[in-house]
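Breakdown of the fold
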Amino acid sequence: MTRAFTAAAAQLGPIARNESRASVIARMVALIERAAAADCRFVVFPEMALTTFFPRWLIEDAEEVASFFEAEMPGPETRPLFEAARTHGIGFYLGYCERAAEGEGADHLGFNTSILVDSSGVVVGKYRKVHLPGNAVYDPALKLQHLEPWYFIDGDLGFPVFEMLGGRLGMLLCNDRRWPEAWRMLGLQGAELVCLGYNSPAQLPDNPAQNALRKMHHLLPMQSAAYQNGTWIIASAKAGPEEGCDMMGHSCVIAPSGELVALSAGLGDELLPYSIDLDATAEYKRFFDFKTYRRPECYGLIAAPHK
Ligand code: ING
């Protein structure tokens, strides 16, 4: 049986602070319809795909903060996305803010989460972001806040891998892509396709010398991770000028060879389909045969806590 299919990054352009779920879901359903027309079986939406990237602000209004989190998935507002996907037989990866159960995580409302949904609309897997970037408290010295540790509980599900599309799929979220340990955890479990959504500022106003390096620092760790772990990667941006902050585009598909095989052209809602063959991972998994060549007895520091 062939394990080839068409999959796509479903990049989203900016989402306004006050944009309704209904409006965002309509944009995502339109992307699902374009994916169906392109014969896709699977699409990857961004991190926090349902809302603006609110951790750029310290929001005092508890009701507004709560409005960015989902208490259930699917819920009344997100169900139309699940229905459209099921109608077209398309599975998807979705990033969103997951409201934690009462009492879980003290003063944090929930997790920065992603799920895998199969082509019949069933949630088959969940991941909660492990590497939360930025500051746990507001820093008045910064031009651009990034307050994920203020809003979110540290991910507590590890790096699970799920059977889907005839292969093994893993998930990461944004900043995770810069950490080789995250990729290796998935690679060690045989991941063949890793889905990743992100919200990455195109410029860093507090460190403008980095601006010219932003695209490279986005692609470089993923291209090496794909090669070193023999996996496909589909990475999907929340792109464009969002509430005064330019978000990077560059949604992409990376092959297990490490080659960048598809790259988004713009900063708006955009579908980036590519024909993926999971069997193309085999050659690289053979070369990097973990069982034969890895020397975990030499890698203790990697899993040891920092002193
Ligand atoms: N975003 C950022 C990223 O890794 C970040 C994190 C924080 C970038 C501070 C720049 C400055 O691209 C997310 N959502 O993890």
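Preceding this section is the structure that the text describes.
In this report, we go over the structure that sits alongside the text. (Residues numbered from 1 in each chain as written. Predicted model: local features only at pLDDT ≥ 70, side-chain atom pairs only at ≥ 80, totals over all residues. Heavy atoms only, no water.)

**Observations concerning empty space enclosed by the protein**
In this structure the tally under the stated criterion is one cavity of 30 Å³ or more. Volume-wise, the largest cavity comes out at about 30 Å³. Lining the largest cavity, in full, are Phe53, Arg56, Leu144, Gln145, His146, Asn199, Pro201, Cys245 and Met247. The class makeup of the residues in the lining of the largest cavity is five nonpolar, three polar and one charged. (1 Å grid on protein atoms, 1.4 Å probe; cavity = no way out; pocket = protein on both sides within 12 Å on 5 of 7 lines; lining within 4 Å. Points joined across faces, edges and corners; volume = space filled by probe spheres on them. Nonpolar A, V, L, I, M, F, W, Y, C, P; charged D, E, K, R; others polar.)

**Details of the packing of aromatic side chains**
Counted by the stated rule, this structure contains twelve aromatic pairs. For the pair Tyr127 and Phe159, a centre-to-centre distance of 5.8 Å together with 25° between the ring planes defines the contact as stacked. Here Tyr127 is found in strand E5 (residues 123–128), whereas its partner Phe159 is found in the loop between helix H4 (148–151) and strand E6 (161–164), with 32 residues between them in sequence. Of the residues examined, Tyr127 reaches a relative accessible area of 0% and is grouped as buried. Consider the rings of Trp232 and Tyr274, whose centres lie 6.0 Å apart with planes at 50°: the pair is tilted. With a gap of 42 residues between them, Trp232 in strand E9 (residues 232–237) and Tyr274 in strand E14 (residues 270–277) connect regions that are remote in the sequence. The class for Trp232 is buried, based on a relative accessible area of 4%. On the basis of relative accessible area, Tyr274 is assigned to the partly exposed category, the value being 25%. Within the aromatic cluster, the residues linked to one another by ring pairs are Phe54, Phe68, Phe69, Tyr151 and Phe152. Against the face of Trp57 rests Arg56, its NZ or CZ located 5.2 Å from the ring centre. (Phe/Tyr/Trp six-rings, centres within 6.5 Å; stacked < 30°, edge-to-face > 60°. Helix = DSSP H or I, 4+ residues; strand = E, 2+ residues; numbered from the N terminus. Buried < 20%, exposed > 50% of the residue type's maximum accessible area, 1.4 Å probe, protein only. Lys NZ or Arg CZ within 6 Å of the ring centre and 35° of its normal.)

**Here we look at the side chain of Glu64**
Looking at where Glu64 falls in the secondary structure, it is placed in helix H2 (residues 62–67). At 2.7 Å, the side chain of Glu64 and the side chain of Arg17 are in polar contact. In this view, Glu64 contacts Arg17 and Ile59; residues no more than four positions away in its chain are not counted. (Polar contact = N/O pair within 3.5 Å; in protein donor to acceptor, adjacent residues only side chain to side chain. Contact = heavy atoms within 4.5 Å.)

**Quick word on the site of the ligand**
In the vicinity of the ligand, 13 residues are found, and the nearest of them are Glu47, Lys129, Cys174, Arg178 and Ser200. The side chain of Glu148 places a nitrogen or oxygen atom 3.1 Å from a nitrogen atom of the ligand. Taking Arg178, its side chain carries an N or O atom lying 2.5 Å from an oxygen atom of the ligand. Alone, the ligand offers 370 Å² of accessible surface; in the complex the protein occludes 85% of this. For the shell around the ligand, the class distribution of residues is four nonpolar, four polar and five charged. (Near = heavy atom within 4 Å. Areas by Shrake-Rupley, 256 points an atom, 1.4 Å probe, with all protein chains shown as cover.)

**Notes on the sheet that holds strand E1 (residues 4–11)**
Pairing between the strands of a sheet comes from backbone hydrogen bonds, and it takes one of two forms, parallel or antiparallel. Taking strand neighbours across the sheet as the criterion, the six strands line up as E5-E4-E3-E2-E1-E14 in an open arrangement whose pairing is mixed. Of all strands in the sheet, those with a lone pairing partner are E5 and E14, marking the two edges. Sheet twist, expressed as the mean angle between neighbouring strand axes with direction ignored, is 25°. By the bridge criterion, eight bridges tie E1 to E14 in an arrangement that is antiparallel. (Pairing = 2+ DSSP bridges. Axes fitted to C-alpha atoms, helices over the stretch in contact; angles between N-to-C directions.)

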